[in-house]
Structures are given as C-alpha cells and as structure tokens.
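Summary of the model geometry
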Amino acid sequence: MTTPTDPANDQQSMSFSEIRALQAENTRAIAALRAENAERAARHDKEMAEIRDAIARLTQAQNRTNQDVSTLKGWGLELYCERNPEIFAEALSMGEEEVIPKREIMRIGSEAVRTGVITPDQRRNLSRADVYIYARRESDHQPFCLVVEASFKVGDDDVDLAADRAEILDIVLQKYQPRNLNGHAIPIVAGADIDIGASFRAKTFNVTYVPIQNGNQLTNPPE
C-alpha cells in the first residue's frame, strides 16, 4: 500500500532571490500607496485653501455691501431728518422750527474763530453735524438750536459727537452771539434704533434720542 504524500511537501521552497523580489514589490506598492495618499492629501489641502479663499472673498464682498448699505441708510436718514425738522421740534415740545443751512453754521463758526471764541478745530467739528434746526419752546417761546446726529442705529460715537458739537455751538451762541441765532444748543441723536449702551450714555450726557419710526422706508422703494 502506497503512503499518501503530504501536498505541502510538493510545494517548492522560495529562493532567496524570489523573497527579495517579493519584498521589493511590496516596498514599491507601499511607496506607491504613500505617494497616492500624499497626492490625495495635497489635493484636499489645495481644495480647502481654495474654499477658505472663496469664503474670505465672499465675506469681504458682504462686508463691503453691508458698509455700502449702511452708508446709504445713513445718507437717507440724514436727508429725511433735514426734510422733516418738525419731528424734533415736536419731541421737545417746540414749534416754529426751521433748518439752519450748514453754510450759515460755517459762517458764524468762522467769525467765532476770528474773534477767538472757538478754535479752528472746533469750527471744523461743529460744521460736520448732520442737521441744525432752529425752534422755539412752545411754553415760553424761548429759542433753541438743535444739533442733530443721524444714524440708522445710534451708537456711542453718535452720542459723543452730538454732545461735543452742541457744546461748541452753545459757546458760539453765548459768547459770539450771532445776530440771527440765539438761545442755547441742544444735542440730539436720531435713528431707527439705538444701542443699549448709547441709550444709557445719552441719558448721562443729556442728549435727546428721537426715534425715526419709519426708518425702514429709507431703503425701500415706494409702492
């Protein structure tokens, strides 16, 4: 009876050169896989960089758009305030209101500088207010000059500017005493909304906030 042969004994042992060839093939395969992974990672990094760059460009464009819209709203609000001085007179129980032309403010400011009442820097600051309104208090007909800073959303800076510019105008009114203007200056901020901090600041510095109820109409076309 013939003894069965173990199949494993039929397999020839790999030679040393074959083993080295197999190792070299595995090395090349691993290197190719690493190169492929590195290339894939590089493509991913490039794509992510392009995405981040696109997001940054979109963010910058949106910021510019927001700034442009904010500027347009500010211009529209300033024009609205200039064309509707009665809203400020009514808020302070005044009447006989009229807008003081900016050129008149600049003229009396220049005269006040010439006479040493205010400095050139104060004149420049005064002339940059948004709207000036002359009105009389209904109770006793006392005259006042309203210095208005208009912003779609009133912030701390608006309050500070209104207070500073009204103070300068008050100095001009009291010390230079122009012929066509008299009384005291009152600082006013106007807008569709006001920051909480600015609201507190306005009360602290006696700056009157006048809300513009139809502020949204400033950027919406009429139906």
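The next point concerns the overall build of the protein. Helix and strand counts for the protein come out as six helices and seven strands. What you see in the protein, going N to C, is helices and strands ordered as α-α-β-α-α-β-β-β-α-β-β-α-β. Split into buried and exposed, the 223 residues of the protein put 29% on the buried side. Nonlocal contacts in the protein, meaning residues at least 24 apart in sequence, comprise 65% of its contacts between residues at least 6 apart. Per element, the accessible surface of the protein, about 15000 Å² overall, is 50% carbon and sulfur.

This paragraph deals with helix α3 (residues 102-114). Helix length check: α3 (13 residues) gives 18 Å between terminal C-alpha atoms against 18 Å at 1.5 Å per residue, within 8%. For α3, the set of buried residues is E104, I105, I108, G109 and A112. The buried residues of α3 occupy an angular sector of 130° when projected down its axis, which confines them to one face. Residues R103 and R114 are exposed on α3 and point more than 90 degrees away from its buried face. Of the surrounding elements, those touching the buried residues of α3 are α4 (120-126), β2 (131-137) and α5 (156-176). Downstream of α3 by a residue or two, G116 has a phi angle that is positive, lying close to 80°.

Tallied over the full model, the rule gives ten salt bridges. Here E39 makes a salt bridge to R43, at a shortest N to O gap of 3.3 Å. Within this pair, E39 and its partner R43 are both found in helix α1 (residues 16-83), separated by four residues, close to a single helical turn. You can call R43 partly exposed: its relative accessible area is 43%.

At a minimum axis separation of 10 Å, α3 and α5 run at an interaxial angle of 60°. What the angle tells us is that α3 and α5 run oblique. Between α3 and α5 lies a crossing whose hand is left-handed. Here I105, I108, E111 and A112 of α3 lie close against α5, whose contacting residues are L169, V172 and Y176.

Moving on to unusual backbone geometry. Even without being a glycine, E96 presents a positive backbone phi close to 55°. As for its position among the elements, E96 is in strand β1 (residues 94-99). At Q177, a residue that is not glycine, the phi angle is positive and equals roughly 50°. Mapping Q177 onto the fold places it in the loop between α5 and β5 (184-191).

Below, the discussion takes up the sheet that holds strand β3 (residues 143-150). The sheet built from five strands is open, its strands ordered β1-β2-β3-β5-β7 with mixed pairing. At either end of the open sheet lies a strand with only one pairing partner, and these are β1 and β7 (208-211). When strand polarity is set aside, the average angle formed by the axes of neighbouring strands in this sheet is 35°. Here seven bridges tie β3 to β5, and the two strands are oriented parallel to one another.

Bringing the confidence of the model for the protein into the picture now. Residues at a pLDDT of 70 or more form 80% of the protein, whose mean pLDDT is 82. Across residues 215-223, where pLDDT falls below 50, the model places nine contacts with residues more than four positions away in sequence or in other chains.

This paragraph deals with the side chain of D130. For D130, the position within the fold is in the loop between α4 and β2. Notably, D130 is buried but unbridged: the nearest opposite-charge side chain belongs to K102, and the N-O separation is 5.7 Å. Of the polar contacts made by the side chain of D130, one reaches the backbone nitrogen of A150; its length is 2.7 Å. Those residues within four positions of D130 in sequence are excluded, and the remaining contacts are E78, K102, V148, E149 and A150.

Scoring rules and cut-offs
Residues numbered from 1 in each chain as written. Predicted model: local features only at pLDDT ≥ 70, side-chain atom pairs only at ≥ 80, totals over all residues. Heavy atoms only, no water. Helix = DSSP H or I, 4+ residues; strand = E, 2+ residues; numbered from the N terminus. Buried < 20%, exposed > 50% of the residue type's maximum accessible area, 1.4 Å probe, protein only. Contact = heavy atoms within 4.5 Å. Areas by Shrake-Rupley, 256 points an atom, 1.4 Å probe, with all protein chains shown as cover. Expected span 1.5 Å × (residues − 1). Arc of directions from axis to C-beta. Salt bridge = Lys/Arg side-chain N within 4 Å of Asp/Glu carboxyl O. Axes fitted to C-alpha atoms, helices over the stretch in contact; angles between N-to-C directions. Parallel < 35°, antiparallel > 145°, perpendicular 65-115°, else oblique. Left-handed = near helix turned anticlockwise from the far one by under 90°. Pairing = 2+ DSSP bridges. pLDDT = per-residue confidence, 0-100. Lys, Arg positive; Asp, Glu negative; His and termini not counted. Polar contact = N/O pair within 3.5 Å; in protein donor to acceptor, adjacent residues only side chain to side chain.

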